[in-house]
Amino acid sequence: FAPATVNVTRSSNDLNFNWTGVYKLQSATNNILGPWVDVPGGGSSPVSVPVDRTKASVFYRLATY
């Protein structure tokens, strides 16, 4: 796979992710080691993810299919 170019912006209460290449967006809550889950709608770019202020930390990554 070719390296992805990633752009993340914040708009109101959403994080907007855009990337190049064939990847899916995943997230993990409160632990960078996981468990990692697919972000709904994150199978292709672009995708908007609502910011959930009830979670202390949320990590995101691009994963191959």
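Presented here is a report on the structure given in the accompanying data block. No experiment lies behind these values; they were computed from the predicted model shown.

1. Focus on the pattern of salt bridges
Part 1 of the argument: A full pass over the atoms with the stated rule returns two salt bridges.
Part 2 of the argument: Of the charged contacts in the structure, one is a salt bridge between lysine 24 and aspartate 38, with a shortest N-O distance of 3.7 Å. Of this pair, lysine 24 sits in strand S3 (residues 24–29) while aspartate 38 sits in strand S4 (residues 37–38), placing them 14 residues apart in sequence.
Part 3 of the argument: Here aspartate 38 falls in the partly exposed class, since its relative accessible area comes to 44%.
Part 4 of the argument: Across the pair lysine 55 and aspartate 52 runs a salt bridge whose closest N-O atoms are separated by 2.8 Å.
Part 5 of the argument: On the basis of relative accessible area, aspartate 52 is assigned to the partly exposed category, the value being 33%.

2. Notes on the sheet that holds S4
Part 1 of the argument: If you walk across this open sheet you meet the three strands as S4-S3-S6, and the pairing is antiparallel. Each end of this open sheet is capped by a strand with a single partner; those strands are S4 and strand S6 (58–63).
Part 2 of the argument: Bridge count between S3 and S6: six bridges; the pairing is antiparallel. Looking across to S6, one finds that lysine 24 is bridged to alanine 63.

3. What about the pairing of strand S1 (residues 6–11)?
Part 1 of the argument: As defined by bridge partners, S1 adjoins strand S2 (residues 14–19) across six bridges and the pair is classed as antiparallel. The partner of valine 8 across the bridge, within S2, is phenylalanine 17.
Part 2 of the argument: With antiparallel pairing between neighbouring strands as the criterion, S1 and S2 make up a hairpin whose turn holds two residues, including serine 12 at a positive phi of roughly 60°.

Cut-offs used in this document
- Residues numbered from 1 in each chain as written.
- Predicted model: local features only at pLDDT ≥ 70, side-chain atom pairs only at ≥ 80, totals over all residues.
- Heavy atoms only, no water.
- Salt bridge = Lys/Arg side-chain N within 4 Å of Asp/Glu carboxyl O.
- Helix = DSSP H or I, 4+ residues; strand = E, 2+ residues; numbered from the N terminus.
- Buried < 20%, exposed > 50% of the residue type's maximum accessible area, 1.4 Å probe, protein only.
- Pairing = 2+ DSSP bridges.

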